[in-house]
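As a plain string of letters, each chain reads:
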Amino acid sequence: MRSNLSRGWEIIRGRQLGRNVQVFNSDIFIVSYPKSGNTWTKFLIANLISITDVNFNNIDTIIPNIYRNKDKELIKKKQPRFLKSHEYFNPKYKKVIYIARDPRDVAVSYYYYSIKLKFIEKDVKLHDFVAKFLNGNVDCFGSWQENVGSWLGAREKNENFLFLKYEDMLSNTLGELNKISDFLSMNKSIQELNECVEKSSFENMRKLELQNDFESVKSSNNEGLYFMRSGKSGEWREALDKKDSDLIEKQWGDLMKKIGYL
Ligand code: PPS
């Protein structure tokens, strides 16, 4: 399973994107371990800063993805640039919005996404995926703990570091967007923030995913799986075997407790 699973990210590494892109001190990074709400945060911020309607076709123009956009395109962007990243701690990133999600839900989301993108065969069991996930063997971003823990350890109290949780974004999207707006010194009214929340809702983004045929969602070739798949917290309770959630809790319990997941 290892070679299939990491294939997608190896292609990206080979193209010298990601960790190798040039970073400017003025850059504002939206960082997370994969499947933790990065795209949602991008939509919220893009709706704050953009004068055109945001969708899956133009989102990477407004907030480029360092794994999709080449350095020579990124360098031409007006500064300060907003950039999406999944990197573990990188001291070059000076201003960072970091999003964490409960690793038990990340495991479920990442499993289905890996099937959708054919990083793994559809007959791979969630249990086997969890074993690789726990070993940090599913991509080149470190394990969940290495990724989240490296950022928190290095930057937790830094005034240029904003730590958000996917679960708080779900329960109080407006409040979390307000934190983002303050962090970016944007001075937006509640009405403006509310409009961004509405435009970036799960339902609206799901509609846009279909309209834009994002990641070939309409193709019969992606196992009928959406990028905007479920958008919930606590799905792991039904989806994971108890022994797998126990393993995650045992291995990453200290950090999960610190963040409030245990
Ligand atoms: S990626 O591919 O690593 O960048 O994925 P990422 O964007 O970080 O995370 C994808 C998950 O975020 C969910 N999502 C949302 N949830 C609630 N509301 C909104 N608006 C929203 N937008 C994206 C998305 O559905 C993925 O989670 P799962 O659990 O798979 O549904």
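Everything that follows concerns the structure shown earlier in this document.
Predicted model, so just to flag it, every value in this text is computed and none were measured.

Trainee: Tell me about the site of the ligand, and name the residues and values.
Mentor: Near the ligand, the surroundings consist of 23 residues, among which Thr39, Lys84, Ser109, Ser230 and Gly231 are the closest. Within the side chain of Arg101, one N or O atom sits 2.9 Å away from an oxygen atom of the ligand. Backbone polar atom of Ser230 to an oxygen atom of the ligand: 2.6 Å apart, as the coordinates give it. Expressed as a share of its isolated accessible area of 650 Å², the protein-covered part of the ligand is 97%. For the shell around the ligand, the secondary structure elements donating two or more residues are helix H2 (38–49), helix H5 (103–116), helix H8 (166–171) and helix H11 (202–211). Residue classes in the shell around the ligand are distributed as nine nonpolar, 10 polar and four charged.

Trainee: Describe H11, with residues and values.
Mentor: Buried residues of H11: Met205, Leu208 and Glu209, and no others. All buried residues of H11 project into a common sector of 105° when viewed along the axis, lining one side. Those residues of H11 that are exposed and angled more than 90 degrees off the buried face are Glu203, Lys207 and Gln211. Against the buried residues of H11 lie H2. After H11 finishes, the residue Asp213 shows a positive phi value of roughly 50°.

Trainee: Report on the packing of helix H6 (residues 126–135) against helix H13 (residues 242–259), specifying residues and quantitative values.
Mentor: Contact geometry for H6 and H13: axes closest at 10 Å, N-to-C directions at 5°. Classified by the angle their axes make, H6 and H13 are roughly parallel. Together, His127, Val130, Phe133 and Leu134 of H6 and Lys243, Asp244, Leu247, Ile248, Gln251 and Trp252 of H13 make up the contact between the two elements. Its residues assigned to classes, the contact of H6 with H13 shows six nonpolar, two polar and two charged.

Trainee: For helix H10 (residues 190–199), give the residues involved together with the corresponding values.
Mentor: Residues Leu193, Cys196 and Val197 constitute the buried set of H10. Projected down its long axis, H10 shows its buried positions confined to an angular sector of 100°, all on one face. The outward face of H10, more than 90 degrees from its buried face, is lined by the exposed residues Gln191 and Glu198. Next to the buried residues of H10 lie H2 and helix H9 (173–183).

Trainee: Can you lay out the pattern of salt bridges for me, pointing to particular residues and giving the numbers?
Mentor: Under the definition given, this model contains 14 salt bridges. Residue Asp60 pairs with Arg68 through a salt bridge whose shortest N-O separation is 3.2 Å. Under the relative-accessibility criterion, Asp60 is labelled buried at 15%. Arg68 gets classed as partly exposed once you look at its relative accessible area, which sits at 39%. The partner of Arg229 in a salt bridge is Glu235, and the shortest N-O contact between them spans 2.7 Å. Judged by relative accessible area, Glu235 falls into the partly exposed class, the value being 21%. Through salt bridges with shared partners, a single ionic network connects Lys42, Asp60, Arg68 and Glu215.

Trainee: Lay out the nonpolar core in plain terms, naming residues and giving numbers.
Mentor: Residues Tyr98, Phe133, Trp144 and Ile248 are the most contacted members of the largest nonpolar core, which totals 43 residues. Per element, the largest residue contribution to this core is six residues, and it comes from H5. Setting aside its immediate chain neighbours within four residues, Phe133 contacts Tyr33, Pro103, Val106, Ala107, Tyr110, Val138, Trp144, Ile248 and Trp252. In this structure, Phe82, Tyr113, Leu162 and Leu177 belong to the second largest nonpolar core, which totals 32 residues.

Trainee: For the pairing of strand S3 (residues 95–100), give the residues involved together with the corresponding values.
Mentor: With six of its six residues buried, S3 lies for the most part within the structure. The two faces of S3 match: Lys95, Ile97 and Ile99 on one face and Val96, Tyr98 and Ala100 on the other face are all buried. As paired strands, strand S1 (residues 28–32) and S3 are joined by five bridges and run parallel to one another. Within S3, the residue paired with Phe29 across the bridge is Val96. Sheet topology note: the S3/strand S4 (residues 161–165) ladder contains five bridges and is parallel. What sits directly across from Val96, in S4, is Phe161.

The rules behind these values
Residues numbered from 1 in each chain as written. Predicted model: local features only at pLDDT ≥ 70, side-chain atom pairs only at ≥ 80, totals over all residues. Heavy atoms only, no water. Near = heavy atom within 4 Å. Polar contact = N/O pair within 3.5 Å; in protein donor to acceptor, adjacent residues only side chain to side chain. Areas by Shrake-Rupley, 256 points an atom, 1.4 Å probe, with all protein chains shown as cover. Helix = DSSP H or I, 4+ residues; strand = E, 2+ residues; numbered from the N terminus. Nonpolar A, V, L, I, M, F, W, Y, C, P; charged D, E, K, R; others polar. Buried < 20%, exposed > 50% of the residue type's maximum accessible area, 1.4 Å probe, protein only. Arc of directions from axis to C-beta. Contact = heavy atoms within 4.5 Å. Axes fitted to C-alpha atoms, helices over the stretch in contact; angles between N-to-C directions. Parallel < 35°, antiparallel > 145°, perpendicular 65-115°, else oblique. Salt bridge = Lys/Arg side-chain N within 4 Å of Asp/Glu carboxyl O. Core = buried A, V, L, I, M, F, W, Y, C linked by side-chain atoms within 4.5 Å. Pairing = 2+ DSSP bridges.

Geometric descriptors of this kind do not, in isolation, establish any biological role.
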